[in-house]
Amino acid sequence: MEERRPETVIDFWFGELKPAQWFRKDAGLDGEIARRFEALLTAAGRGELWQWRASALGRLAEVIVLDQFPRHIHRGSPLAFAWDPLALVLAQEAVAHQADRLLDVAWRAFLFMPYMHSESLVIHEEALRLFAQPGLEENLRHEQRHRDVLKRFGRYPHRNAQLGRDSTPAERAFLDRPGSTF
């Protein structure tokens, strides 16, 4: 397991990885993240990293651990989304304490990502405001797309199979279209 320091997460996510790797399916990378950070994800899920919240960088690192790492470690499993509520609450707390303003704009997007991952339209109203900041234009386009899917279906249809939810005929038709998943 990696050291329990927020800098370890930040250095890995923004230093070792290239942006193209953040959202791409890659079994090798998923395995590396699991090997290096699965124990840290467990610790974060237990609330054991609370000291990290003393700094904006630490808050960001904890959110990345809870929001991004599960999507790699548990790809294809309901556990990929298991820490989303905790990540969202911690992101909301960070924004309330204005920690986002202390981060580089490119890094700020990952502090806001739990808002985008939420299946609540109420949360997406705030997400639209957060992603409307200069320098986050591409993220705003993705947020608008996420929100539009939620407005149409009330949930993310591409999660249905993983979460054991039945898809409606409209959702199945949507999922059959190229580019329907995020």
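Position numbers for residues start from 1 in each chain and track the written sequence from start to end. In keeping with the predicted nature of the model, local features appear solely for residues at pLDDT of at least 70, side-chain atom pairs appear and are counted solely at 80 or more, and the whole-chain, interface and lining totals rest on all residues. The side-chain numbers reported here are obtained from all heavy atoms of the structure, hydrogens and water having been left aside.

Peer 1: How should I be thinking about the pattern of salt bridges in this particular structure?
Peer 2: Pairing between side chains of opposite charge can happen when their charged atoms approach one another. Salt bridge criterion: a side-chain nitrogen from Lys or Arg within 4 Å of a carboxyl oxygen from Asp or Glu. Counted by the stated rule, this structure contains 16 salt bridges. The residue Arg 71 makes a salt bridge to Asp 67 at a minimum N-O spacing of 3.6 Å. Buried means the residue's accessible area, taken with a 1.4 Å probe over protein chains only, is under 20% of the maximum for its type, while exposed means over 50%, and partly exposed covers the values in between. Taking the relative accessible area as the measure of exposure, Asp 67 reaches 1% and is therefore buried. Across the salt bridge formed by Arg 165 and Glu 119, the nearest N and O atoms sit 3.0 Å from each other. Taken as a pair, Arg 165 in the loop between helix H9 (160–163) and helix H10 (169–175) and Glu 119 in the loop between helix H6 (105–117) and helix H7 (121–131) lie far apart in primary sequence, 46 residues in all. Taking relative accessible area as the criterion, Glu 119 reaches 27% and is therefore assigned partly exposed. Helix numbers and strand numbers start at the N terminus; a helix is a DSSP run of H or I with at least 4 residues, a strand a run of E with at least 2.

Peer 1: Would you take a moment to explain the packing of helix H2 (residues 27–45) against helix H3 (residues 56–67) for this structure?
Peer 2: The packing of two helices is summarised by the inter-axis angle and the distance between the axes. Axes here mean lines fitted to C-alpha atoms, for a helix over just the part in contact, with angles spanning 0 to 180 degrees between N-to-C directions. The geometry of H2 relative to H3 is characterised by a closest axis approach of 9 Å and an angle of 105° between their N-to-C directions. Our classification of the angle between H2 and H3 gives roughly perpendicular. In contact with Leu 40, Leu 41, Ala 44 and Gly 45 of H2, H3 contributes Glu 62, Val 65 and Leu 66. Broken down by class, the residue content of the contact of H2 with H3 amounts to five nonpolar, one polar and one charged. In what follows, roughly perpendicular refers to angles from 65 to 115 degrees, roughly parallel to angles under 35, roughly antiparallel to angles over 145, and oblique to any angle outside these ranges. In what follows, residue pairs with any heavy atoms lying within 4.5 Å of each other are defined as contacts. All amino acids are sorted into three groups, where Ala, Val, Leu, Ile, Met, Phe, Trp, Tyr, Cys and Pro are nonpolar, Asp, Glu, Lys and Arg are charged, and the leftover types, Gly among them, are polar.

Peer 1: Explanation requested: the layout of surface pockets in the structure shown.
Peer 2: Space left empty within the atom packing is revealed by a probe, the size of a water molecule, rolled over the atoms. For each structure, a 1 Å grid was placed over the protein atoms alone; sets of points admitting a 1.4 Å probe that cannot get out are labelled cavities, open sets with protein on both sides within 12 Å along at least five of seven lines are labelled pockets, and lining residues have an atom within 4 Å of a point. Grid points are joined across faces, edges and corners, and a volume is the space filled by probe spheres set on the points. Empty space within the largest pocket amounts to approximately 860 Å³. The wall of the largest pocket is formed by 28 residues, among which Phe 23, Arg 71, His 117, His 146 and Phe 182 lie closest to the centre. Mapped by element, the contributors of at least two residues to the lining of the largest pocket are helix H4 (69–73), H6 and helix H8 (137–153). In terms of residues, the lining of the largest pocket owes the most to one element, H6, which gives six residues. A class-by-class count of the residues in the lining of the largest pocket yields 12 nonpolar, 10 polar and six charged.

Peer 1: Sorry if this is basic, but what is going on with H3 here?
Peer 2: The periodicity of an α-helix, 3.6 residues per turn, causes residues three or four positions apart to be oriented the same way. For H3, with 12 residues, the first-to-last C-alpha span of 16 Å sits near the 16 Å given by 1.5 Å per residue. With 11 of 12 residues buried, H3 is to be regarded as a mostly interior element. Within the sequence span of H3, burial applies to Ala 56, Gly 58, Arg 59, Leu 60, Ala 61, Glu 62, Val 63, Ile 64, Val 65, Leu 66 and Asp 67. Looking at the buried side of H3, the elements it contacts are helix H1 (6–16), H2, H4, helix H5 (84–96) and H6. The span you would expect from a helix comes to 1.5 Å times its residue count less one.

Peer 1: Got a minute to help me understand the nonpolar core in this structure?
Peer 2: A general trend in soluble globular proteins is that nonpolar side chains are found buried together. Formed by 49 residues in total, the largest nonpolar core has its most connected members in Val 9, Trp 13, Ile 64, Phe 69 and Tyr 115. Elements represented by at least two residues in this core include exactly H1, H2, H3, H4, H5, H6 and H7. The element best represented in this core is H2, accounting for eight residues. Residues contacting Tyr 115, with those up to four places away along its chain left out, are Leu 88, Ala 91, Gln 92, Val 95, Ile 123, His 124, Glu 126, Ala 127 and Leu 130. Here, nonpolar core means buried Ala, Val, Leu, Ile, Met, Phe, Trp, Tyr and Cys residues that are tied together by side-chain atoms lying within 4.5 Å of each other.

Taken by themselves, the reported measurements are silent on function.
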